[in-house]
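So you can see what is in the structure, the chains are spelled out below.
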Amino acid sequence: MTLLSLLLDNEENGKKLFLLGNEAIARGALEASVSVVTTYPGTPSSEIGDTLYDLHKEAGIKFQFSVNEKVAVETAFAASISGVRSLVFMKHVGLNVASDPFVTTAYTGTRAGMVVLTADDPSMYSSQNEQDNRHYAELAHIPMIEPSNPQEAKDFLVKAYEISEKYNIPVLFRTTTRVAHMRAPVALGKIEKEHVSVAQFVKDPERFVSLPSNALRLKEKLIEKISEIEKESDSYDLNRIERIGSGGIGIITSGASFNSVMDVVNEYALDADILKIGLSYPAPRDMISAFLSEHERVVVIEELDPYLENNVRITSQINGLKTIINGKIDGYFSYSHEFTPDTVAQSLSKIMGFPYTPIVAVKSVLPPRPPVLCPGCPHRATYYAVERAVKMMKVDPVYSSDIGCYSLGFYEPYREADTMISMGSSIGLANGFSLVSGRKVIAFIGDSTFYHSGIEPLINAYHYGLNMLVMILDNDVTAMTGQQPNPGSDTDTEVAPVKIEEIVRGIGISDIAIVDPYDTAVTLKAITSALRNDGISVIISRRECAILRDRKMQKNGKLQVYTVNQDKCGLCMNCVENFACPAIYIEDKRIKINPDLCDGCGVCSQVYVCPYRAIEVEHASI
Amino acid sequence: MPAFNIILTGEGGQGVVTAGTILSQTVMDSGYNVIMSELHGLSQRGGSITVEVRIGEIYGPISFKSKYNLLLGFEPIEAMRILEQISYPMDAVVNSEKISPIYLGIRDLEYPDVDAMLSNLPQCIRLRRIDASRIARDAGSVKATNIVMLGTALEASVPGLTLEGLENAIRSRFSGKLLQLNLDALHLAMGKMERELPG
């Protein structure tokens with residue numbers, strides 16, 4: 001049986017599957033009878049979408065990869081207030097985009113259960129910042145649940161819907177990378193077969209039109225709800241005390257930090273009780289107060305910001321307690337990086353006085369192997385062509401880059417990223433650069449990011465007559481997060497692909513070219529021509545993601561592989577040093593192509609990359 | 001039982017995550033608790049990738065850095081990147097086949113002499129080398145390198161890991177040609193280990 005059929009199978013009730021946190025969340029959505037699911041792909045939340053996308057039809061779920069997180073939240077909210085349970089999920093920075101509707105949904109409240117999942121990324125494995133989205137719960141007055149492992153991720157999600165429906169309020173479900181991407185045995189629960197997927201919105205404008213006259217009243221009601229949830233927070237079994245110690249020292253923790261704490265406490269046989277908080281907003285202050293009273297010293301261990309610690313200190317102050325509180329505000333724990341058993345043990349040893357020898361990292365003498373554009377990646381061909389064109393035209397542009405695989409253009413040898421801030425910021429920043437200087441700006445943006453938030457800044461640029469070249473790298477998918485479809489994709493008969501060139505022309509921009517980056521000559525010509533233009537030029541560099549192409553080629557059983565004809569090779573090193581494909585390497589002073597890695601794109605064989613024409617088709621393999 | 005911690009490392013695209021999942025599934029099916037860490041996202045083909053598999057009564061997916069029992073290194077530089085940080089007893093199996101990071105070409109640098117570094121490791125690290133990629137090619141495709149590496153783990157007293165268990169986990173995950181390739185690779189690895197891994 002495939003994983004998908006195991007996930008769908010209700011007969012598996014009680015059986016344990018080895019699931020990724022994100023797969024467990026997908027199963028949780030099935031067990032909670034969620035009927036509408038929306039998302040914009042973002043690591044570390046993406047596999048929830050991959051899993052639910054694959055099984056949504058069979059499960060009777062309406063699923064959308066929305067154009068962006070704001071639309072995803074609005075869609076899910078409308079489903080909820082129409083009486084259909086909804087789940088919307090995104091990476092942490094996605095909630096910044098969705099924060100506008102998110103905050104106000106708390107005021108109006110919901111009807112059928114609605115969960116907004118944010119996947120935070122301590123240590124920034126694949127993110128541009130390390131923001132702690134627990135603040136959003138406090139900011140919006142929306143209850144928040146934090147699981148520590150895949151089993152809890154599934155079970156707590158089901159409880160999140162109970163809470164959402166009991167109080168008619170959305171619930172923020174916060175995971176982090178090490179929960180979302182942790183694999184562990186998960187005991188399955190029952191899938192409730194009865195779920196509502198079609199419903200009619202019952203009007204109540206005094207509640208759902210957030211004019212100030214309504215919103216002020218709703219705000220007061222919201223604060224009452226939160227106070228009620230706080231009073232009842234013990235009844236959900238989301239917060240619990242592990243009594244391991246003899247009562248001297250207590251540790252308060254949540255989420256992924258709980259796992260590190262438990263591993264440290266067990267490894268060093270520490271004398272400490274642990275209060276694990278799963279419903280972290282509103283903070284269970286009565287429980288915290290009682291825990292503080294029972295211990296002489298309480299240590300708060302949490303990743304990123306002192307969210308719990310602030311609540312613990314506030315609770316202590318309100319109740320006039322004398323318990324010593326340690327955490328990160330007094331300097332024991334870090335505000336950045338994920339916690340590991342080693343980092344937790346190191347800080348805790350200073351407080352509790354047990355012997356711990358810190359790990360001292362040896363300075364590596366090895367060459368780095370950062371993530372790279374795949375062999376055959378069309379972005380490599382585009383970056384190479386831009387670099388050549390800029391040299392030929394003797395211009396020194398500002399490179400304004402964006403979020404996607406192509407942000408790897410930052411690395412050598414391309415170095416074609418001077419700025420990268422947020423989704424769509426390539427064109428947004430190009431507005432500002434163009435406004436204050438006469439210098440040429442080249443903005444790089446992918447198709448998915450363009451639909452997500454590149455259109456508005458392009459409208460702004462056209463409206464104000466700014467000067468920029470926008471390279472839209474259209475590979476037909478949201479590639480970096482795992483090849484999810486986007487509004488440009490023609491995935492099945494139920495979707496209408498949106499053409500980027502029609503959007504651009506619709507704005508009024510006339511200097512637009514569409515090129516195939518695998519054709520270096522044509523691409524170079526289009527770029528040099530655009531660099532001569534004073535005003536807005538848009539080049540759509542269109543070629544499907546190499547990973548997608550591989551899948552199709554392998555299905556058809558054909559993949560060309562290239563080789564270097566050593567008799568023709570002039571060892572100019574251009575392919576190695578400037579084109580820099582992972583398949584091309586040097587061995588015994590010769591340039592070679594690794595047939596296991598070669599993707600057969602053939603760009604390196606073109607005269608603009610290999611002036612000796614020494615790179616030739618070797619053979620067709622699978 | 002103390003925790004048993006395995007670290008698998010290689011280059012994105014070598015099947016490191018798949019190997020970790022099959023290994024974990026095998027151990028779980030033998031009745032052990034197992035937790036695995038994996039990272040997705042900016043791990044396109046070509047970057048360093050590391051996966052941890054932890055067996056026992058543990059909570060988190062990350063081991064203490066001083067507590068690894070076994071390293072499976074799919075690529076010499078990536079194996080060495082872990083091993084250069086370690087100075088306590090553990091087993092390590094390292095694939096011989098080198099994959100040059102593009103960084104070397106761009107900087108006009110040679111692939112470092114990892115062989116020399118590996119032969120100078122502290123005595124406490126029990127190192128074994130295996131030409132896993134070649135064995136995988138002999139089985140039919142370099143894609144089965146990860147299964148060959150898993151086969152080597154059978155010699156490392158991993159709790160719950162047996163040949164039969166591995167075969168079952170492979171059977172439940174693959175079908176058709178890929179299933180045969182992976183089973184062949186596993187069996188070929190078994191034969192080779194006696195000859196190429198004499199302790």
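Here's a quick rundown of the structure. (Residues numbered from 1 in each chain as written. Chains lettered and ligands numbered in written order. Predicted model: local features only at pLDDT ≥ 70, side-chain atom pairs only at ≥ 80, totals over all residues. Heavy atoms only, no water.)

### What about the pattern of salt bridges?
Residues and elements named next belong to chain A. Inspection of every chain in the model, using the stated rule, returns 45 salt bridges over all chains. Measuring nitrogen to oxygen at the nearest pair gives 3.4 Å for the salt bridge that ties Glu 152 to Arg 240. Placement of the pair is Glu 152 in helix H7 (residues 150–167) and Arg 240 in strand E9 (residues 240–242), with a sequence separation of 88 residues. Its relative accessible area of 34% is what places Arg 240 among the partly exposed residues. Of the charged contacts, one joins Asp 474 and Arg 542 as a salt bridge, the two residues approaching to 2.8 Å between their closest N and O atoms. In this pair, Asp 474 is assigned in strand E17 (residues 468–474) and Arg 542 in strand E19 (residues 536–542), connecting sequence segments 68 residues apart. Overall, Asp 474 belongs to the buried group, its relative accessible area being 11%. (Salt bridge = Lys/Arg side-chain N within 4 Å of Asp/Glu carboxyl O. Helix = DSSP H or I, 4+ residues; strand = E, 2+ residues; numbered from the N terminus. Buried < 20%, exposed > 50% of the residue type's maximum accessible area, 1.4 Å probe, protein only.)

### Description of the interface of chain B and chain A
Across the boundary between the two partners, chain B contributes 57 residues, which contact 62 residues of chain A. Buried area between chain B and chain A, both sides added, is near 5200 Å², and the carbon and sulfur share of it is 61%. Our count for the contact surface shared by chain B and chain A stands at 9 salt bridges. Of all elements in the fold, only helix H1 (16–29), strand E2 (34–37), strand E3 (48–55), helix H2 (76–83), helix H3 (102–106) and helix H4 (114–119) of chain B reach the threshold of two or more residues within the side of chain B that touches chain A. (Contact = heavy atoms within 4.5 Å. Buried area = accessible area lost by both parts, 1.4 Å probe.)

### Digging into the nonpolar core
Residue and element names in this part refer to chain A. Leu 52, Leu 87, Ile 145 and Leu 172 are the most contacted members of the largest nonpolar core, which totals 80 residues. Each of two domains, domain 1 (3–232) and domain 2 (239–352), supplies a minimum of three residues to this core. Excluding its chain neighbours within four sequence positions, the residues that come into contact with Ile 145 are Phe 156, Ala 160, Ile 163, Val 171, Leu 172, Phe 173, Arg 174, Leu 238, Gly 278 and Leu 279. Listed in part, the 49 residues of the second largest apolar core include Ala 443, Leu 458, Leu 469 and Leu 473. (Core = buried A, V, L, I, M, F, W, Y, C linked by side-chain atoms within 4.5 Å. Domains from an automatic or database assignment.)

Everything listed is a geometric property; what it means functionally is a separate question.
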